[in-house]
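# What the coordinates show
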Amino acid sequence: MAVAEPFDEKDLWPTERLWAMAWRRLKRVLGHAYQRLPFYRKRFEAADITPDDIRTPSDLARLPLLTKAEVLALQAQGEAPFFGMEWWARQEPSVFLLSSGTVGTALLWEPWSKMWRRSLACARAYWHMGLRPGMKALIVAPSWHLVSLLDRMVFELIIPCEAVIVPWGTHLPLYAGPLLDTILDQRPHFVNMFLPMLYALLAECRLRGVDPKEAFSSFRTLGVTGAGMTLKAWQELDKVVGEGKLLEGYGHAEAVVSNGCRERLGHHLMLESAYVEVVDPQSGTPLPPGKRGLIVSTVLIPQGSLYIRFAPGDIGELLPEPCPCGLPWPLIEVYGRIEDQVQVGHLTLLPYDVRTCLDEVQELVAVSGAVVRRRVPLPYLEVLMERPPGANVSALEQRIKEVIGRELGLEVKIYWAQALPARWKGTPVIEEEELRNV
Amino acid sequence: MELVVQLERALPDGSRYQRLGPKELGGYALALARCWRLAGLERGDRVMIMDFGCSPLSYLASSMYCPFLRRGAAEMVGCIPVCNDGVGTVIPRAIRMIEVLQPRVVYLRGDLVPPLLQALQETRLCVRTWVVGAEEAVPSAADLDRLAQASGGEVLGLVRLDAALFMAQQCSRCRAFHVWTDIYRVWEDRGCLATAPRFSPDRSYVSSLPLRIVKGMCRQGPRHIRLALLP
Ligand SMILES: [Zn+2]
């Protein structure tokens, strides 16, 4: 099926042609980094290779993965403001962005021309999410965040909006009040924000006695990023905000831009600005579509801070089937963070896998449940569940056992708690010691 | 096509939103660029802004932050900005970023001074100048003194009147607030500061800030109007 409203001719290319374009750009970036950037020159030399040795995607395994911890160490010791992984071609406006995360915050130096080219990929993503000229768009991301810079470019210069609205405060849930006021007063059509803020907005609606469907009725698109949502969680949330407008994206400041697709859970990768691999976490070898592994990406615009084979720690897979929406851009699905993996028997699980099973029990869709991690893995799964008020626990337990057995092939031991601590909301991983404290 | 900014406080007509087009944004950003120069920023310097993205201190800093803004203060002065939000919880991150980037000047929201002072008990930073901003308020002299002592840097105040797209900044030489007469008209209304931007004359505003116009001239800006603003 051809895509109904293409953003440009690339939306009509076959997927193989898009991958070939990304590969050519990747090769150019590798050559550029080897020739001009001391940080990468050293990495190539330490691996005893040159860019010419990388002839096929599997050769990429010879170039080590780049982690956030390495970048932080480099920036802590380097000579400010540049650290050997930046390039600039001419005098032009530039800013430093921050990339926050569990291990710390890294700086990215981003000149205008690079941000412009990344914005073209972002505009394509937003176009497919439903942004059209003349709409009113909200910027919720703070100025230090990539999304704010992309929004700024797209909303004015690529898909010109009638108004660009900036609420008071910042993206943190604490500021949901002024954001909800802005939504109710200005009636925007499009936003791309962080999932915790959407939950905070729903709480604010409850507090004020406002029906979320009413509050969000002006939106054509509610884009969210920042968490791997299960299909069920997405469907439930979509119903709450008014069906058909919730879309989940995936991206990070260093390279990836993608858009959530209305057809299924998965994100179309905009390969024009980032080359994306899913690799074996141990060997760094690229895995074929359909295999789960570490998401690795390389920015394809050789300006500003350059991240090559960067692994932000997300686990996902390239989906093997074409998307029913007709877009040729490949789909990726993101399941969670590598530090949240739990070994059970011969399986390596993520909370996402357990949540997908729990979601099949209707009474548990919105109920928090923690996955227990043992230092020495057990052959069976252990889950700590919040007891839903008035529930028949033994009946629920039976159904959880059935679905975990069917979907994961595992036995499961269930512990019930009156309430889980607030910091465990959702589906967290807890260590065995923490189990005793509940 | 316009930028719609939700304000910290309502405008005199009760609205909490300000609508800004390229002309207003350009004039407003010029005022910020003048503040930057007055704080000692020069081509090639780095500057950090610890304020929300909805604050003019942030969104006027660069055309990369703000739609419809042709040239931000960074493009006019030739600096590279880094923003670090306006909440106290991100102060530890700001400290690390200052250590890595070594900005010459840091602009911050007035309510971040207490948590910053706390953090400075354990760290020494080599920031040359801190500028503490406040909306229709004069940053407390005691706060500025404490920050100067704790940081070893120079500390200046900045006063905003968002309704009139107004900014005035303290000068390190004369300690008065400098105002640029080609950007703003300034007068006294019942003892208080009143102003209107020349680039958007309809946005005049009478503030609640008592003022005295300082006579004579300062070498930092012989043609600037200088104000003594009283808290
Ligand atoms: Zn699709």
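Nothing here was measured: the structure is a model prediction, and the numbers come from that model. Sequence order sets the numbering: in each chain, residues are counted from 1 along the sequence as written. Think of it this way: whatever chain is written first is A, whatever ligand is written first is 1, and the rest follow in order. Per-residue local features of the predicted model are confined to residues with pLDDT of at least 70, and side-chain atom pairs are confined, for both listing and counting, to 80 or more; whole-chain, interface and lining totals are unaffected and use all residues. Excluding hydrogens and water, the side-chain values take into account all heavy atoms of the structure.

### As for the overall build of chain B
Each helix and strand counted, chain B has six helices and 13 strands in total. In terms of overall dimensions, chain B is globule-like: its C-alpha atoms have a radius of gyration of 17 Å, near the 17 Å expected for 231 residues. For chain B, the spread of C-alpha atoms along the principal axes amounts to about 45 × 40 × 35 Å. Classification of the 231 residues of chain B by burial places 65% in the buried group. By definition in these notes, contact holds between two residues if any of their heavy atoms fall within 4.5 Å. Long-range contacts, defined here as pairs at least 24 residues apart, represent 60% of the contacts in chain B between residues at least 6 apart. The centroid of the 29 positive side-chain charges in chain B is displaced by 6 Å from the centroid of its 22 negative side-chain charges. Runs of H or I in DSSP of at least four residues are treated as helices and runs of E of at least two as strands, each being numbered from the N terminus. We compute the radius of gyration from the C-alpha atoms alone; for a globule the expected value is 2.2 Å times N to the 0.38, where N is the number of residues. Three labels apply to residues, based on accessible area from a 1.4 Å probe with only protein chains included: buried if under 20% of the type maximum, exposed if over 50%, partly exposed otherwise in between. His is not counted, nor are the chain ends, whereas Lys and Arg count as positive and Asp and Glu as negative. A single reference atom marks each charge: NZ on Lys, CZ on Arg, CG on Asp, CD on Glu.

### Considering the interface of chain A and chain B
Each side of the interface is counted separately: chain A has 42 residues, and chain B has 39 residues. Once two parts are brought into contact, the accessible area they lose, counted with a 1.4 Å probe and summed over both, makes up the buried area. Taking both sides of the interface into account, the surface hidden between chain A and chain B amounts to around 3,600 Å²; carbon and sulfur atoms contribute 63%. Salt bridge criterion: a side-chain nitrogen from Lys or Arg within 4 Å of a carboxyl oxygen from Asp or Glu. Remark: the boundary between chain A and chain B carries one salt bridge. Among the salt bridges present, the one from Glu156 of chain A reaches Arg70 of chain B, with a minimum N-O distance of 2.8 Å. The definition of a polar contact used here is a pair of N or O atoms within 3.5 Å, where within protein one atom must be able to donate a hydrogen and the other to accept one, and adjacent residues in sequence count solely through side-chain atom pairs. Scanning the region where chain A abuts chain B turns up 19 residue pairs in polar contact (both at pLDDT 80 or more). Per-element tally for the side of chain A that touches chain B: the top contributor is helix H6 (residues 176-186) of chain A, with five residues. Note on residue classes: Ala, Val, Leu, Ile, Met, Phe, Trp, Tyr, Cys and Pro are nonpolar, Asp, Glu, Lys and Arg are charged, and everything else, Gly too, is polar. Of the residues contributing to the side of chain A that touches chain B, the split by class is 26 nonpolar, ten polar and six charged. Summarising the sheet, strand S5 (residues 163-166) of chain A and strand S1 (residues 2-6) of chain B pair through four bridges and their orientation is parallel. By the bridge assignment, Ile165 of chain A is partnered in S1 of chain B with Val4 of chain B. Pairing between two strands requires that DSSP report at least two bridges joining them.

### Regarding the pairing of strand S18 (residues 369-373) of chain A
Residues and elements named next belong to chain A. When you tally the buried positions in S18, you get five out of five residues, the bulk of the element. Sheet topology note: the S18/strand S19 (residues 381-386) ladder contains three bridges and is antiparallel. Counted as the bridge partner of Val371 is Val383 from S19. Relative to strand S21 (residues 429-431), S18 runs parallel, the two being bridged by three bridges. Within S21, the residue paired with Arg373 across the bridge is Glu431.

### Things to note about the coordination of the zinc ion
Residues and elements named next belong to chain A. Taken together, the protein donors to the zinc ion comprise Cys261 (SG), His268 (NE2), Cys323 (SG) and Cys325 (SG), at separations of 2.1 to 2.2 Å. Around the zinc ion sit four donor atoms, and with donor-metal-donor angles ranging over 103 to 115° the site reads as tetrahedral. If you list the donors of the zinc ion from N- to C-terminus, the spacing comes out as C-x6-H-x54-C-x1-C. Separated by 55 residues along the polypeptide, His268 in strand S10 (residues 267-269) and Cys323 in the loop between strand S14 (314-318) and strand S15 (331-337) bring together distant segments of the chain. An identical accessibility class is assigned to His268 and Cys323; each is buried. Each metal site lists N, O and S donors within 2.8 Å (3.2 Å for Na, K and Ca). With water left out of the atoms, a site can look as if it is missing ligands. Angle rules define the geometry names used: all angles between 85 and 135 degrees makes four donors tetrahedral, while opposite donors over 155 degrees apart and all other angles between 65 and 115 make four donors square planar and six octahedral, leaving every other case irregular.

### Thoughts on the environment of Tyr28 of chain B
Residue and element names in this part refer to chain B. Following the sequence through the fold, Tyr28 ends up in helix H1 (residues 22-38). Judged by its relative accessible area of 0%, Tyr28 is buried. Once the C-alpha coordinates of Tyr28 and Glu8 are considered, the two residues, 20 residues apart in sequence, prove to be 17 Å apart. Sequence-distant contacts of Tyr28, that is, excluding residues within four places in its chain, are made with Pro56, Tyr59, Leu60, Asp162, Leu165, Phe166, Met167, Tyr184 and Phe199.

### Looking at the side chain of Asn259 of chain A
Residue placement: Asn259 of chain A occurs in strand S9 (residues 258-260). Its relative accessible area of 1% is what places Asn259 of chain A among the buried residues.

### Some details on the nonpolar core
Residues Phe155 and Met193 of chain A together with Trp36, Tyr107, Trp130 and Tyr184 of chain B are the most contacted members of the largest nonpolar core, which totals 223 residues. Setting aside residues no more than four positions away along its own chain, Tyr184 of chain B makes contact with Tyr28, Ala31, Ala164, Leu165, Phe166, Met167, Val179, Thr195, Ala196, Pro197, Arg198 and Phe199 of chain B. If you look at the next biggest cluster of nonpolar residues, it comprises 24 residues, including Val344, Leu364, Leu396 and Ile400 of chain A. The definition of a nonpolar core used throughout is a set of buried Ala, Val, Leu, Ile, Met, Phe, Trp, Tyr and Cys residues joined through side-chain atoms within 4.5 Å.

### Let's talk about the packing of helix H7 (residues 195-208) of chain A against helix H9 (residues 231-241) of chain A
All names here are of chain A. Their axes nearest at 12 Å, the elements H7 and H9 cross at an angle of 45°. When the interaxial angle is binned, H7 and H9 end up oblique. Considering the relative orientation of H7 and H9, their crossing is left-handed. On H9, the residues that touch Leu195, Leu198, Tyr199 and Leu202 of H7 are Leu237, Val240 and Val241. Tallied by class, the residues present in the contact of H7 with H9 amount to seven nonpolar, no polar and no charged. Axis definition: a line fitted to C-alpha atoms, over the contacting stretch in the case of helices. Angles run 0 to 180 degrees between N-to-C directions. These descriptions rest on fixed angle ranges, namely under 35 degrees for roughly parallel, over 145 for roughly antiparallel, 65 to 115 for roughly perpendicular, and the rest for oblique. It is the rotation of the near helix from the far one that decides the hand of a crossing: anticlockwise by less than a right angle makes it left-handed, clockwise makes it right-handed.

### Some points on the domain arrangement of chain A
Residues and elements named next belong to chain A. For chain A, the assigned domains are domain 1 (1-337) and domain 2 (341-435). Each domain's extent was defined by an automatic or database domain assignment. Computed from C-alpha atoms alone, the centre-to-centre distance between domain 1 and domain 2 is 31 Å. Opposite the 14 residues of domain 1 that make contact, domain 2 presents nine residues. Interface of domain 1 and domain 2: buried area, both sides summed, is about 870 Å²; carbon and sulfur atoms make up 57% of it. Looking only at domain 1, the three residues that lose the most surface to domain 2 are Thr230, Lys232 and Tyr335, adding up to 51% of its buried area. Counting the contacts that link domain 1 with domain 2 gives one salt bridge. In this structure, the connection of domain 1 to domain 2 is made through two residue pairs in polar contact (both at pLDDT 80 or more). Mapped by element, the contributors of at least two residues to the side of domain 1 that touches domain 2 are H9 and S15. It is S15 that contributes the most residues to the side of domain 1 that touches domain 2, five residues altogether. Partitioning the side of domain 1 that touches domain 2 into residue classes produces six nonpolar, three polar and five charged.

### Some thoughts on the pattern of salt bridges
Scanning all chains against the criterion turns up 39 salt bridges over all chains. Arg406 of chain A serves as the salt-bridge partner of Glu407 of chain A, at 3.3 Å between the closest nitrogen and oxygen. A relative accessible area of 43% means that Glu407 of chain A is categorised as partly exposed. For Arg406 of chain A, a relative accessible area of 55% gives the class exposed. Residue Asp162 of chain B pairs with Arg160 of chain B through a salt bridge whose shortest N-O separation is 2.8 Å. We note that Asp162 of chain B, like Arg160 of chain B, is buried. Connected via shared salt-bridge partners are Glu8, Asp51, Arg109, Asp111, Arg160 and Asp162 of chain B.

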